[in-house]
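Residue-level listing of the chains:
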Amino acid sequence: MQNINITAIQHIGIPVTDITNSQAFYERLGFANVMQAGFIDGGKPGTCIMMQRGEMVIELYQLPEPALSEIHTRKNGHIDHVAFNVPDIDEAFTTIQQAGFNIIEPEPVFLQFWANGCKYFNITGPDGERMEFNQIL
């Protein structure tokens, strides 16, 4: 067992095909859009929304084509990743890297969320499942 300082599940990421409809669906369940940001994937723009209800956070994101079509054709497996809070992203990255886990990103990635942004990276499990490690800055 690695000594990785995981403090909580940070959020669950769900790729969606129509972010407006998905936002409305989660609002009906009592979630509120607490953050929204654009991002670039493969040179094309996408949209990401953090929906929160109490302590629960669900990340909805809409990728551009061609990934959007692939997501639309999925029959299951729509939850894309589970994110864990960590207090020090660089320490977590080093620990995970030294332990030999399969890290997707070459280094922690900055995203303009929360008041001062966040940094994250992902690893893959034995069946390709993604786990994100996330530090709110």
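Values in this document were obtained by computation on a predicted structure and should not be read as measured data. (Residues numbered from 1 in each chain as written. Predicted model: local features only at pLDDT ≥ 70, side-chain atom pairs only at ≥ 80, totals over all residues. Heavy atoms only, no water.)

Novice: Would you take a moment to explain the overall build of the protein for this structure?
Specialist: Along its length, the protein carries three helices and nine strands. Tracing the protein from N to C terminus, the helices and strands come up as β-α-β-β-β-α-β-α-β-β-β-β. Taken over C-alpha atoms, the radius of gyration comes to 15 Å for the protein, in line with the 14 Å a tight globule of 137 residues would show. In terms of overall dimensions, the protein has C-alpha extents of about 40 × 30 × 25 Å along its principal axes. Within the protein, the proportion of its 137 residues that are buried is 38%. Across the protein, the fraction of contacts at a sequence separation of at least 24, relative to all contacts at a separation of at least 6, is 50%. Element-wise, carbon and sulfur atoms account for 52% of the exposed surface of the protein, whose accessible area totals about 8,000 Å². Positive and negative side-chain charges of the protein, numbering 7 and 16 respectively, have mean locations separated by a distance of 9 Å. (Helix = DSSP H or I, 4+ residues; strand = E, 2+ residues; numbered from the N terminus. Rg over C-alpha atoms; globule rule 2.2 N^0.38 Å. Buried < 20%, exposed > 50% of the residue type's maximum accessible area, 1.4 Å probe, protein only. Contact = heavy atoms within 4.5 Å. Areas by Shrake-Rupley, 256 points an atom, 1.4 Å probe, with all protein chains shown as cover. Lys, Arg positive; Asp, Glu negative; His and termini not counted. Charge placed at Lys NZ, Arg CZ, Asp CG, Glu CD.)

Novice: Sorry, what's going on with the pairing of strand β5 (residues 81-85) here?
Specialist: Of the pairings in the sheet, the one linking strand β1 (residues 8-15) to β5 comprises five bridges and is antiparallel in character. Bridged to Ala-8 within β5 is Asn-85. Strand direction decides the pairing type here: β5 and strand β9 (residues 130-136), joined by five bridges, are parallel. Counterpart to His-81 in the pairing with β9 is Arg-130. (Pairing = 2+ DSSP bridges.)

Novice: Mind showing me how you'd approach the packing of aromatic side chains here?
Specialist: Two aromatic rings are characterised by how far apart their centres lie and by the angle between their planes. Applying the stated criterion to the full structure yields five aromatic pairs. A ring pair is formed by Tyr-26 and Phe-31, whose centres lie 5.9 Å apart and whose planes are at 85 degrees; its orientation type is edge-to-face. Considered together, Tyr-26 and Phe-31 belong to a single accessibility category, that of buried residues. Ring plane angle 45 degrees and centroid distance 5.8 Å describe the contact between Phe-84 and Phe-133, whose orientation is recorded as tilted. Of the two residues, Phe-84 sits in strand β5 while Phe-133 sits in strand β9, which places them 49 residues apart along the sequence. (Phe/Tyr/Trp six-rings, centres within 6.5 Å; stacked < 30°, edge-to-face > 60°.)

Novice: Got a minute to help me understand the state of the cysteines in this structure?
Specialist: As used in these notes, a disulfide is a covalent bond between sulfur atoms, one from each of two cysteines. A complete count under the given rule lists zero disulfides for this structure. Its sulfur unpaired, Cys-48 is 8.9 Å from the next cysteine sulfur, which belongs to Cys-118. The class for Cys-118 is buried, based on a relative accessible area of 2%. (Disulfide = S-S within 2.5 Å.)

Novice: Could you clarify how one ought to interpret the confidence of the model for the protein in this entry?
Specialist: As a general rule, the predicted coordinates of low-pLDDT regions are not to be interpreted in detail. Taken over all residues, the pLDDT of the protein has a mean of 88, while the share at 70 or more is 96%. Highest mean pLDDT in the protein belongs to helix α3 (residues 89-98) (94); lowest belongs to helix α2 (residues 67-73) (85). (pLDDT = per-residue confidence, 0-100.)

Novice: Looking at this structure, how should I read unusual backbone geometry?
Specialist: Leaving glycine aside, a negative phi is the common case for residues, and trans is the common case for peptide bonds. With an omega of 5 degrees, the peptide bond between Glu-65 and Pro-66 qualifies as cis. Tracing the chain through its elements places Pro-66 in the loop between β4 (56-62) and α2. Positive phi, normally seen in glycine, also occurs at Trp-114, with a value near 60 degrees. Position of Trp-114 relative to the elements: it lies in the loop between β7 (109-111) and β8 (118-124). Accessibility expressed as a relative area gives 23% for Trp-114, which makes it partly exposed.

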